[in-house]
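# An overview of the molecular structure
Here is how the chains run, residue by residue.
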Amino acid sequence: RIQKTRWKQKMGQRAMWNGVLLLICSSSVLKHSASFLLPSRLLVPRIQHFHHSPSVCARTAKLQGEEIDEGLRPPGEENETVLIQYKGQTIEAQRGELLRSVLLRNRVTPHNEGSQLVNCRGLGTCGTCAVKVEGKVEPAEWNAMERARLNFPPHSSPNNKQLRLACQVRVMGGLSVCKFGGFWGQLSSPATDVSFSAPLGSAEFAVDDLK
């Protein structure tokens, strides 16, 4: 009986490992055959999204210690630096970077007081990084996340029409940025708070770097 039990356990383990190997092989086949299985209309948007912000992709590779393929950057965008005016400071940014990441890396924040601790860390759901932006950003108009959050209390018309979520817009040129008062930046008068806090360190903009 003991031998029979051991034999069943051995066969069970063998079946489990066979299943694992089958799963790995199947994943590999799907990965290498995706370009043949997927219609071209599904592959094109992914390529367009990659070219959407090549300078950011290259900069991320540099931060990770990898070699940068200069061919990833389109002509005229190599190391293009733009200036941002915010809370009396002039901040340098690379064209294509997310505004929220730029501010936090330069030890200024788009969040007021308590919202520096309590915010969604770049997911676009809390609305506390709302700022007034003058200059060229992308997208030029609200995206779906901004339409949903900036039309939700405490943000309301007409003041919300001039706001953008710093975690949703990319810097495409020189900017003048203004933060209004209130926990969510929903008031009509400029904020006076100039404190800076980043409780999670570089993890504060980890979500931004994945966009």
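Residues numbered from 1 in each chain as written. Predicted model: local features only at pLDDT ≥ 70, side-chain atom pairs only at ≥ 80, totals over all residues. Heavy atoms only, no water.

Moving on, we get to the confidence of the model for the protein chain. Of all residues in the protein chain, 62% have pLDDT values of 70 or greater, and the mean over the chain is 74. Note on residues 20-78: pLDDT under 50 across the span, and 31 contacts to partners over four residues away in sequence or across chains. (pLDDT = per-residue confidence, 0-100. Contact = heavy atoms within 4.5 Å.)

With the rule as written, the count across this model stands at five salt bridges. For the salt bridge of K132 with E134, the shortest nitrogen-to-oxygen distance reads 3.6 Å. A cluster of three or more residues bridged by salt bridges with shared partners is formed by R100, R121 and E204. (Salt bridge = Lys/Arg side-chain N within 4 Å of Asp/Glu carboxyl O.)

The subject of this paragraph is the side chain of R121. Examined against the element boundaries, R121 turns out to sit in the loop between α4 (99-105) and β3 (130-138). Here the side chain of R121 touches L117 through a polar contact of 2.6 Å, landing on its backbone oxygen. (Helix = DSSP H or I, 4+ residues; strand = E, 2+ residues; numbered from the N terminus. Polar contact = N/O pair within 3.5 Å; in protein donor to acceptor, adjacent residues only side chain to side chain.)

Attention shifts here to a nonpolar patch on the surface. On the surface, L117, V118 and F183 cluster together to form a nonpolar patch covering roughly 280 Å² of accessible area. Considering the arrangement of structural elements, one finds V118 in the loop between α4 and β3. (Patch = residues over 30% accessible without salt bridge, like charges linked within 9 Å, V, L, I, M, F, W, Y side chains within 5 Å. Areas by Shrake-Rupley, 256 points an atom, 1.4 Å probe, with all protein chains shown as cover.)

This paragraph deals with unusual backbone geometry. A negative phi angle characterises most non-glycine residues, just as the trans form characterises most peptide bonds. Here E138 and P139 are connected by a cis peptide whose omega angle stands at 5°. Positionally, P139 belongs in the loop between β3 and α5 (144-150). For the bond from S157 to P158, the omega torsion is 5°, close enough to zero to count as cis. Its place among the elements puts P158 in the loop between α5 and β4 (163-165).

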